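Close look at the chain arrangement
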Amino acid sequence: MDAKTALKYAEDQGANFLSIRFTDLIGAWHHLTYPIHELSEGSFEDGFGFDASSLRGWASIHESDMLLVPDPVRMWMDPFSEEPTLCLIAKAVDPITKEGYGLDPRSVAQRAESYVKFTGIADTAYFGPEAEFFVFDSVKFHNDQNSSGYSVESDEAHWASGRAADEFSGANLGYRIRPKEGYVPVPPTDSLSDLRSEISMILEKVGITVECHHHEVATAGQCEIDFRYNTLLGTADNLQLFKYVVRNTAYRYGKAATFMPKPLYGDNGSGMHCHQSLWKGEKPLFAGDGYAGLSETARFYIGGLLKHAAAVVAFAAPTTNSYKRLVPGFEAPVNLAYSARNRSAAIRIPMFSTNPKLKRVEFRPPDPSCNPYLAFAAMLMAGLDGVQNRIDPGEPLDKDIYDLSPEQLKSVPSLPGSLDESLAALEADHEFLLKGDVFTPQLIERWVQYKREREIQPLRMRPHPLEFANYFDI
């Protein structure tokens, strides 16, 4: 794919507008729209100027001028625009140096892919995320000085009072999903099957291959749609597009989709298990004759992931809400161990197939609130550090975690219990991220500062409704 191909595609599709998509530091997609006549071959070199100073975590006012340089490798027609609109993903470029902006997440992912090749260990890193999400019928929240609260509604939840499965008559027909019993029921209990099918068809139209969709464990509309793995950068691009399609399709149905990891109390949260593998040429590097069919390279990769996991989750589980999902004792993947079957271990080795090309490791702590460019790059850099330094992951944890005694559990390290602890771990352990200039000290410092000042501190200072219940009459 090149500039000429993109221009021909725009002409063939009858595009009237161009939407340039890019990702801010925190992970949200943004776009600028231009009449299609503004796109030329030169645009893929010169880019489009924009003001970066108003975006979260990005440039200060005195260094706000940036360029958005579109990448012709990924393009599609927007399925939600009334006017035919060509979409291209861009990276932010410093207009002076013409290099990728140090705080641009997509540039980090591109540098990570270049670093893999530079090491000579592999030439391709593949990622396959399972991004779960919730679909609600109504969402309300407010945070005032004298009042705060939230409310979500779902017609399929056991606590619902709405129309249940019959949206036409308004009748309450009684098909409900009990807490933690929402895994793969059929309709009418699964009221979102048609919505997921429509999302899947739209994903196919924009170039994302869907492999499966189903209801997830939680009540109140928890869903999963699995799509085909790709390179690190390709999957990060696809995940941003996936979120866009999910949200907009749900919106057309009069519903709201969220990738917030823990919107419900007392039920499962949404994770994003990340399958990953290294390849060199046509050879899969993770297949071997060791434990669970793993190679020595895969074991060392696991060793790196486990060693640096506390720092990695500062990017992969990056919200205060993430740690309401990552709570010990609730089947959460908080134990820093690996296993072929134990799903409470941070790393699982899928055993569905003996095909060497399908051998991979699954890192389970991430959730879909992450910025995929940063999260995938951080995981890859941790794994590569393990391979480079031959980090032994130790023995696998194949026992049921709930059968282990407190003494046995003491020997199994666990993830940080809060975002603040994860950020502290990142501050103490980030040299592995700086190799090959993949991450920059500026990005790590800005990330930590933003998260503490804009997310942790406001939450720490605000009274919680549960505190009124616990302490008002103290």
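Refer to the structure above for everything that follows.
Since this is a predicted model, take the numbers as computed values, not measurements.

**Looking at the overall build of the protein**
For the protein, the count of helices and strands is twelve helices and 17 strands. Its C-alpha radius of gyration of 23 Å places the protein within 12% of the 23 Å reference for a compact globule of 474 residues. In terms of overall dimensions, the protein has a C-alpha envelope of 65 × 60 × 50 Å along the principal axes. When the 474 residues of the protein are sorted by exposure, 53% land in the buried category. Across the protein, the fraction of contacts at a sequence separation of at least 24, relative to all contacts at a separation of at least 6, is 68%. Carbon and sulfur atoms provide 51% of the accessible area of the protein, an area that totals close to 21,800 Å².

**Thoughts on the state of the cysteines**
Following the criterion strictly, the structure yields zero disulfides and no others. Unpaired in this structure, C212 has its nearest cysteine sulfur neighbour in C223, at a distance of 12 Å. Owing to a relative accessible area of 36%, C212 belongs among the partly exposed residues under this scheme.

**Re unusual backbone geometry**
Note that the residue after P187, namely P188, is joined by a cis bond; omega there is 5 degrees. On the secondary structure map, P188 appears in the loop between β8 (148-153) and α4 (193-205). Even without being glycine, R390 reaches a positive phi, approximately 50 degrees. Phi at D437 is positive, roughly 55 degrees, even though this residue is not glycine. In this structure, D437 sits in the loop between α10 (431-434) and α11 (441-461). Residue D437 is classed as exposed on the basis of its relative accessible area of 56%.

**Some details on the sheet that holds strand β2 (residues 29-35)**
In spatial order, the strands read β2-β1-β5-β4-β3; together these five strands make up an open sheet with mixed pairing. Looking along the sheet, the strands with just one partner apiece sit at the ends: β2 and β3 (48-51). Shown here is a sheet whose adjacent strand axes are inclined to one another by a mean of 40 degrees, direction ignored. When β3 meets strand β4 (residues 65-77), the two strands line up antiparallel, connected through four bridges. Bridged to D51 within β4 is D65. Across the sheet, helix α5 (residues 232-252) lies against β1 (17-23), β2, β4 and β5 (85-93), angled at about 80 degrees from β4, the strand it touches most.

**Re the nonpolar core**
Of all hydrophobic cores here, the largest spans 129 residues; its most connected members are W58, F242, L278, M379, L380 and F439. With 13 residues, the single largest contributor to this core is helix α6 (residues 296-316). Ignoring any residue separated from it by four or fewer positions in sequence, one finds F242 in contact with A131, F133, L203, I208, I225, F227 and F259.

**Quick look at helix α1 (residues 3-12)**
Along α1, the positions that sit buried rather than exposed are A3, A6 and A10. Along the long axis of α1, the arc covered by the buried residues comes to 60 degrees, so they all point the same way. In α1, the exposed residues that point more than 90 degrees away from the buried face are K4, E11 and D12. The opening residue of α1, the one whose side-chain oxygen lies 3.3 Å from the backbone nitrogen of K4, is D2. Looking one or two residues beyond α1, the residue adopting positive phi is G14, at roughly 70 degrees.

**Observations regarding the packing of aromatic side chains**
By the definition in use, this model includes 22 aromatic pairs. Seen in terms of ring centroids, F22 and W58 are 6.0 Å apart; in terms of plane orientation they differ by 25 degrees. Their pairing is stacked. One end of the pair, F22, is in strand β1; the other, W58, is in the loop between β3 and β4, with 36 residues separating them in the sequence. Across the pair, exposure class does not vary: F22 and W58 are buried alike.

**Thoughts on the pairing of β1**
Counting buried residues in β1 gives six out of seven residues, a clear majority hidden from the surface. With five bridges joining them, β1 and β5 adopt parallel strand pairing. The residue of β5 that forms the bridge with I20 is L88. Summarising the sheet, β1 and β2 pair through seven bridges and their orientation is antiparallel. The residue of β2 that forms the bridge with T23 is W29.

**Comments concerning the pairing of β8**
For strand β7 (residues 138-143) and β8, the ladder comprises six bridges, and the chain directions are antiparallel. What sits directly across from N143, in β8, is S148. Hairpin connection, β7 to β8: the antiparallel pair is bridged by four residues.

**Remarks on the packing of α6 against helix α7 (residues 372-388)**
Close contact between α6 and α7 brings their axes to 6 Å; oriented N to C, the two are set at 140 degrees. By the angle between their directions, the pair α6 and α7 is classed as oblique. The hand of the α6/α7 crossing is right-handed. In contact with T297, F300, Y301, G304, L305, H308, V312, F315 and A316 of α6, α7 contributes L374, A375, A378, M379, L380, A382, G383, L384, D385, G386 and V387. In the contact of α6 with α7, the residues fall into 14 nonpolar, five polar and one charged.

**Focus: the side chain of H215**
In this fold, H215 is placed in strand β9 (residues 210-215). In this structure the side chain of H215 is engaged in a polar contact, spanning 2.3 Å, whose partner is the side chain of E156. A polar atom in the side chain of H215 sits 2.9 Å from the backbone oxygen of G182. Apart from residues lying up to four places away in sequence, H215 is in contact with E156, I177, G182, Y183, V184, P185, D190, R196, G221 and Q222.

Rules used throughout
Residues numbered from 1 in each chain as written. Predicted model: local features only at pLDDT ≥ 70, side-chain atom pairs only at ≥ 80, totals over all residues. Heavy atoms only, no water. Helix = DSSP H or I, 4+ residues; strand = E, 2+ residues; numbered from the N terminus. Rg over C-alpha atoms; globule rule 2.2 N^0.38 Å. Buried < 20%, exposed > 50% of the residue type's maximum accessible area, 1.4 Å probe, protein only. Contact = heavy atoms within 4.5 Å. Areas by Shrake-Rupley, 256 points an atom, 1.4 Å probe, with all protein chains shown as cover. Disulfide = S-S within 2.5 Å. Pairing = 2+ DSSP bridges. Axes fitted to C-alpha atoms, helices over the stretch in contact; angles between N-to-C directions. Core = buried A, V, L, I, M, F, W, Y, C linked by side-chain atoms within 4.5 Å. Arc of directions from axis to C-beta. Polar contact = N/O pair within 3.5 Å; in protein donor to acceptor, adjacent residues only side chain to side chain. Phe/Tyr/Trp six-rings, centres within 6.5 Å; stacked < 30°, edge-to-face > 60°. Parallel < 35°, antiparallel > 145°, perpendicular 65-115°, else oblique. Left-handed = near helix turned anticlockwise from the far one by under 90°. Nonpolar A, V, L, I, M, F, W, Y, C, P; charged D, E, K, R; others polar.

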